[in-house]
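# Residue-level structure breakdown
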Amino acid sequence: WRKHFNIGEDEVILLYQGGLTPQRGLEECIEAMLMLPNNFKMILLGEGPLRNGLEALVKHKGLEDRVFFHEAVPPTEILKLTAQADIGLVMYKNTCLNNYMSTPNKIFEYFLSGIPAVASDHPGKLYIVQELGTGVCVEETAQAISQGILKVMNDYKYYRNNCQANLDKYTWSVEKQKLIAMY
């Protein structure tokens, strides 16, 4: 990411990976950038119907040098690219039971890549992010998102170490045993 988008080593990379679709809190994440120091950069990795509108919002807010877009990549590349970021974003809006209860794959991809997350304060995200200490859960507002990002950065080593410490808790070999036991 740093070379591709000319991001300095002393700058913080925030990453959202996934569909650029409604109810993902992407507008709020972009608005949060206005409340963060200029050394915070954001990459939106993925495609979707909101891309043009999000690009227009970035331009309207004057964030073209801080918010970048990258097309979707094959699943085989996602963990390698994710590991190049500093913090992952998972800000699903509480507009339906699915968004509220879901545990998106990106939460696992973030902590398996060793990067802490700032996620929506919903049960489906909370049990991984907050209970394992791999990040923080916040309301889906620009202010809360920016505060969550700063909280993670203020104790970054703690959150990153928790990502590393929990790497073997959610692997196929562990989950497979749970399925076998159920059946």
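One structure accompanies this document, and this report is about it. Just so it is clear, the model here is predicted, and its values are computed rather than measured. (Residues numbered from 1 in each chain as written. Predicted model: local features only at pLDDT ≥ 70, side-chain atom pairs only at ≥ 80, totals over all residues. Heavy atoms only, no water.)

## Re the overall build of the chain
A tally of helices and strands in the chain yields 10 helices and six strands. Taking 16 Å as the expected radius of gyration for a compact globule of 183 residues, we find that the chain reaches 16 Å, a close match to that expectation. Across the 183 residues that make up the chain, the buried fraction comes to 49%. Of the contacts made within the chain by residues no fewer than 6 positions apart, 69% connect residues no fewer than 24 positions apart. With 18 positive and 21 negative side-chain charges, the chain shows a spacing of 3 Å between the two charge centroids. (Helix = DSSP H or I, 4+ residues; strand = E, 2+ residues; numbered from the N terminus. Rg over C-alpha atoms; globule rule 2.2 N^0.38 Å. Buried < 20%, exposed > 50% of the residue type's maximum accessible area, 1.4 Å probe, protein only. Contact = heavy atoms within 4.5 Å. Lys, Arg positive; Asp, Glu negative; His and termini not counted. Charge placed at Lys NZ, Arg CZ, Asp CG, Glu CD.)

## With respect to the packing of aromatic side chains
Scanning the entire structure with this criterion turns up four aromatic pairs. Their ring planes at 20° and their centres at 6.0 Å tell us that W1 and F5 sit as a pair that is stacked. Residue W1 shares its accessibility class with F5, and that shared class is buried. Judged by centre distance (6.2 Å) and plane angle (50°), the rings of F108 and F111 are tilted. Of the two residues, F108 and F111 are both situated in helix α6 (residues 105-112); the distance of three residues between them amounts to about one turn of the helix. Classification of F108 by relative accessible area gives buried; the value is 16%. For F111, a relative accessible area of 1% gives the class buried. (Phe/Tyr/Trp six-rings, centres within 6.5 Å; stacked < 30°, edge-to-face > 60°.)

## A few points about the environment of E139
Tracing the backbone shows E139 in the loop between β6 (135-138) and α8 (142-154). Since its relative accessible area comes to 56%, E139 is described here as exposed. In this view, E139 contacts M91, D121, A144 and I145; residues no more than four positions away in its chain are not counted.

## Some remarks on the layout of surface pockets
Space inside the largest pocket adds up to approximately 180 Å³. If you trace the largest pocket, you find 13 residues lining it, with Q17, G18, V73, I78 and E109 closest to the centre. Sorting the residues of the lining of the largest pocket by element identifies α4 (75-82) and α6 as the ones contributing at least two each. Counting residues per element, the lining of the largest pocket draws most heavily on α6, which supplies three residues. (1 Å grid on protein atoms, 1.4 Å probe; cavity = no way out; pocket = protein on both sides within 12 Å on 5 of 7 lines; lining within 4 Å. Points joined across faces, edges and corners; volume = space filled by probe spheres on them.)

## Description of α6
Three or more residues of α6 are buried, namely K106, I107, F108, Y110 and F111. Next to the buried residues of α6 lie β1 (12-17), α4, β4 (87-90), β5 (117-120), α7 (123-129) and α9 (156-165). Just downstream of α6 lies G114, where phi reads positive at about 85°.

## Thoughts on the pairing of β4
Side-chain alternation along β4 places I87 and L89 on one buried face and G88 and V90 on a second face that is also buried. With two bridges joining them, β1 and β4 adopt parallel strand pairing. Bridge pairing links L15 to G88 in β4. Direction of pairing for β4 relative to β5: parallel, over a ladder of three bridges. Considered in β5, the bridge of G88 is made with A117. (Pairing = 2+ DSSP bridges.)

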